[in-house]
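# Notes for the structure review
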Amino acid sequence: MSLRRRLLLGLLAISAVLVLTNFTLADRFRSVLLERVDRQLADTASRDVFRLEGRRLRRATGAPPTAQDETLSEYFIAVGDPSVGTLVQLSSALADEDQPPPRLARARIAAHLTGRGEPALPFSVPAQSGSGTWRIVAVAEGRGGVTVVGLSLDELESTLDRLRLVQVLGTLAVLATVGLVSWWMLRLGVHPIEDMARAAGSIAQGDLSGRVDHPGGRTEVGRLGTALNAMLERIQEAFRARQASEAKVRRFAADASHELRTPLTSIMGYAELWRSGGLREPSELDDAMRRMEQEAKRMAALVEDLLLLARLDQDRAPERAPVRLDEIVADAVRDAQVVEPDRPIDSASAAVVVEGDEGQLRQVAANLLANARVHTPPGTPVHVVVAADGGVARLTVADEGPGMSPEVAANVFERFFRADPSRARAGGGTGLGLAIVEAVVSGHGGATRVESELGAGSRFIVELPVAQPAETAGLA
């Protein structure tokens, strides 16, 4: 059952309880007033018997009426013998002659007739004219006489009417208040929940950009809306990451296939040429075998790089041991100078110890220097610096080459990314060197970044955590 329906049923239940309570109170109040009237009638009827002298009220003893008897003017008093004639109405000078007397029937008087000193049996009768009502008590006197005492219920009914009016107005006021409170609760609580349900429906259909409009976070609904929006934000980010990952995997597979297809095509071409008899001279055959060997080595290097990236992608923690980063970089600089003796490479290193896998860190240094050698003109100076800044070891490889645009620099660590694909392939690179650098450094808890401008060269910076003093103990 919906919350709106529950609130409506609760409002109806409150209304029913109020109406029932009003009826009960009105009926109880009428009973109390009627009991009071009955006691007054019984008390009046228990006084001395009255008799008629002209139109004046006289006691049976013949004494004149007292001031107390004047209060009887609000009562209807009649005496007589109903079995032989009509009752004669007695009244004082204060009696209201315009008030219609009660309609008395001999049968009803006889049915409720009681003796003096016995408990009275009050009963109600209508007035002879109009809509008034009287409350009657009949008391038997000696020699068949009867005294009838009555009191008009018009004032009682008027009081009850005013009470009912107050109850109706009070009930309407309470119901209006409850209705306004319910409307406010619906607006504050139910409407935002309905908005959340609609937003969840649209999100379930694939619209992850939808958000929930909700009141402030001070209410339960507001906190729910805030939590739901935060959850949707994370879901959307997760979907974006998943889509980016899937796109990267597809691009990686396509690039890897393309990179492998190029050497395979060369190898298959030379093999087909040899099979068809196109390589007849020994020198031609030697050149074809050399080229096939080069392409095979290129494929082997590409496969090795792909396997290394696959292992790094498994998020396995590398083997960690204290390593002298400055010595690793010094070895890489010497190797680069052997490969290209004409390139000036200067190095400035301080003794820095990091904790990590020595083989992977050597590949990081070698790949950075190879990147500078492949992507800058021959003879371009390269500057290598190893330093420690607080708890961070920083390796910087800077060149004075042509530099990169911001668009290229933003994607330089992507796998198989090349700013100049044709030239890079001619140089024999796999397009995975910087991607391996980024993966290794990230696995060691470090970070990589590049600073470059067109015409101003490039600076590749690797930051790694410095090993703690206890971990470097005994390291030569």
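Residues numbered from 1 in each chain as written. Predicted model: local features only at pLDDT ≥ 70, side-chain atom pairs only at ≥ 80, totals over all residues. Heavy atoms only, no water.

### A few points about a nonpolar patch on the surface
Taken together, the side chains of Leu165, Val168, Leu169 and Leu172 make up a nonpolar region of the molecular surface, amounting to roughly 380 Å² of accessible area. Looking at the element boundaries, Leu172 is found in helix 4 (residues 154-204). (Patch = residues over 30% accessible without salt bridge, like charges linked within 9 Å, V, L, I, M, F, W, Y side chains within 5 Å. Areas by Shrake-Rupley, 256 points an atom, 1.4 Å probe, with all protein chains shown as cover. Salt bridge = Lys/Arg side-chain N within 4 Å of Asp/Glu carboxyl O. Helix = DSSP H or I, 4+ residues; strand = E, 2+ residues; numbered from the N terminus.)

### Section: helix 8 (residues 358-374)
Spanning 17 residues, helix 8 covers 24 Å between terminal C-alpha atoms, matching the ideal 24 Å at 1.5 Å per step. Two or three places before Gly359, at the start of helix 8, stands the capping residue Asp357, its side-chain oxygen 3.0 Å from that residue's backbone nitrogen. (Expected span 1.5 Å × (residues − 1). Polar contact = N/O pair within 3.5 Å; in protein donor to acceptor, adjacent residues only side chain to side chain.)

### So, the pairing of strand 8 (residues 146-152)
On a regular strand, one side chain projects to one face of the sheet and the next to the other, so that they alternate. Judged by how many residues are buried, strand 8 sits mostly within the fold: 7 of 7 residues are covered. Of the two faces of strand 8, the one carrying Val146, Val148, Gly150 and Ser152 and the one carrying Thr147, Val149 and Leu151 are both buried. Where strand 7 (residues 133-140) and strand 8 come together, 7 bridges link them in antiparallel fashion. Of the residues in strand 8, the one forming a bridge with Trp134 is Ser152. (Buried < 20%, exposed > 50% of the residue type's maximum accessible area, 1.4 Å probe, protein only. Pairing = 2+ DSSP bridges.)

### A short note on the packing of helix 7 (residues 325-339) against helix 8
Helix-helix packing is described using two parameters, namely the angle between the two axes and the distance between the axes. Running from N to C, helix 7 and helix 8 cross one another at 40°; their axes reach a closest spacing of 9 Å. Relative to helix 8, the element helix 7 is oriented oblique. For the pair helix 7 and helix 8, the crossing hand works out as right-handed. Between helix 7 and helix 8, the residues in contact are Ile328, Val329, Asp331, Ala332, Val333, Ala336 and Val339 and Glu358, Leu361, Arg362, Ala365, Ala366, Leu369 and Arg373, respectively. By residue class, the composition of the contact of helix 7 with helix 8 is 10 nonpolar, no polar and 4 charged. (Axes fitted to C-alpha atoms, helices over the stretch in contact; angles between N-to-C directions. Parallel < 35°, antiparallel > 145°, perpendicular 65-115°, else oblique. Left-handed = near helix turned anticlockwise from the far one by under 90°. Contact = heavy atoms within 4.5 Å. Nonpolar A, V, L, I, M, F, W, Y, C, P; charged D, E, K, R; others polar.)

### Re the sheet that holds strand 15 (residues 458-465)
Taken together, 5 strands build an open sheet; the order of strands is 10-12-13-15-14 and the sheet is mixed. Each edge of the open sheet carries a strand with a single partner, namely strand 10 (345-349) and strand 14 (447-452). For this sheet the average axis-to-axis angle between neighbouring strands, irrespective of direction, equals 15°. Where strand 12 (residues 382-389) lies against strand 13 (residues 392-399), 8 bridges are found, and the strand directions are antiparallel. Considered in strand 13, the bridge of Val386 is made with Leu395. Helix 8 contacts strand 12, strand 13 and strand 15 of the sheet and is inclined by roughly 170° relative to strand 15.

### Quick notes on the side chain of Asn367
Looking at the element boundaries, Asn367 is found in helix 8. Those residues within four positions of Asn367 in sequence are excluded, and the remaining contacts are Gly433, Ile436 and Val437.

### Points about the pattern of salt bridges
Where charged atoms from two side chains of opposite charge approach closely, those side chains can pair. For the coordinates displayed, the defined rule picks out 19 salt bridges. A salt bridge links Arg362 to Asp331; the shortest N-O distance between them is 2.9 Å. With a gap of 31 residues between them, Arg362 in helix 8 and Asp331 in helix 7 connect regions that are remote in the sequence. Relative accessible area serves as the criterion here: at 33%, Arg362 is assigned to the partly exposed category.

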